[in-house]
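Structural features, examined
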Amino acid sequence: MNVRFDLDPSLTPELHDGICALWADVSNAGGAVGFVPPVTREDVRPELLKHLTAMAEGRQHLVAGRDADGRVLATAFLTTNSHRLMKHWLWVYTVMVHPSLQGRGTGRRLMTAVADAARSVEGITALRLTCRGGSGARPFYEACGYQEVGRVPGAIRVADDDYRDDITMWLDLG
């Protein structure tokens, strides 16, 4: 499937609803994007509104992947740092690819689009993200050029008896 990636697309109601649908689909398929299934679109909507507010304030950018019909199939948010000593790198949040596209290269293409978007921001030299241990995300990000630079054991609780490591990954854009 052909997926087109855009930086900061127009925030139409269709895009908003598409991101909510994608977020719920990814979460319900077991994706580590801030929720534990089952979730609905309405469960994720308040988190999306936080991202949209940050975008409106100029603190965040959206990379959205859509098909020819405009259906949202992938996203990532790039967030600036407010600390004066850390303004040279961006956070990458809420990296999602529709479950039907897993293993088809769309995630790699998304991460390339994310790096390209970051390079277009003046003064940005690196990207940082975190991922949930045990999700399979770490090897994926390593294959995209990121390196593990930190880990907090058991920092993420997905159930009463299920704690996962919080893994910090870094990509030097130089």
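Residues numbered from 1 in each chain as written. Predicted model: local features only at pLDDT ≥ 70, side-chain atom pairs only at ≥ 80, totals over all residues. Heavy atoms only, no water.

The protein chain has the name GNAT family N-acetyltransferase in an unreviewed UniProt entry, where Streptomyces nigrescens is given as its organism.

**Side note on the sheet that holds strand S2 (residues 60–66)**
Selection rule: Strand pairing is assigned whenever DSSP detects at least two bridges linking the two strands. The helix count covers DSSP runs of H or I at least four residues long, the strand count covers runs of E at least two residues long, and both are numbered beginning at the N terminus. A fitted line through C-alpha atoms represents every axis, and for helices the fit uses only the stretch in contact; the resulting angles, taken between N-to-C directions, go from 0 to 180 degrees.
Here seven strands make up an open sheet; going across it, the order is S1-S2-S3-S4-S5-S7-S6 and the pairing mixed. Lying at the two open borders of the sheet, with one neighbouring strand each, are strand S1 (4–7) and strand S6 (147–159). Ignoring strand direction, the axes of neighbouring strands in this sheet form an average angle of 25 degrees. Pairing of strand S3 (residues 72–79) with strand S4 (residues 89–97), which is carried by five bridges, proceeds in the antiparallel orientation.

**Observations regarding unusual backbone geometry**
The line we're drawing: Throughout, exposure labels follow a simple rule: accessible area from a 1.4 Å probe, protein chains only, divided by the maximum for the residue type, with under 20% read as buried, over 50% as exposed, and the rest as partly exposed.
In this structure, Pro38 follows Pro37 across a cis peptide bond, with omega equal to 5 degrees. Its location among the elements puts Pro38 in the loop between helix H1 (13–28) and helix H2 (41–56). Its identity as a non-glycine residue notwithstanding, Asp8 has a phi of 50 degrees, on the positive side. With respect to the secondary-structure elements, Asp8 resides in the loop between S1 and H1. With a relative accessible area of 34%, Asp8 lands in the partly exposed category.

**As for the pattern of salt bridges**
Just so we agree on the cut-off: Salt bridge, as used here: a side-chain nitrogen of Lys or Arg that lies within 4 Å of a carboxyl oxygen of Asp or Glu.
Evaluation of the coordinates by the stated rule reveals twelve salt bridges. Arg151 is the partner of Asp165 in a salt bridge, and the nearest nitrogen-oxygen pair spans 2.8 Å. Here Asp165 is found in strand S7 (residues 162–172), whereas its partner Arg151 is found in strand S6, with 14 residues between them in sequence. Judged by its relative accessible area of 38%, Arg151 falls in the partly exposed class. Here the salt bridges do not stand alone but share partners, grouping Arg138, Glu142, Glu148, Arg151 and Asp165 into one network.

**Digging into the packing of aromatic side chains**
Condition: Any pair of Phe, Tyr and Trp rings, taking the six-membered ring for Trp, is counted once the centres come within 6.5 Å. Such a pair is stacked with planes under 30 degrees apart, edge-to-face with planes over 60 apart, and tilted for the rest.
For the structure shown, the criterion picks out six aromatic pairs. Ring geometry for Trp91 against Tyr93: centres 5.6 Å apart, planes inclined by 15 degrees, an arrangement best described as stacked. On the basis of relative accessibility, which here comes to 33%, the residue Tyr93 falls in the partly exposed class. Each ring, one from Tyr141 and one from Tyr146, has its centre 5.8 Å from the other, and the planes form 65 degrees; the classification is edge-to-face. Of the residues examined, Tyr146 reaches a relative accessible area of 4% and is grouped as buried.

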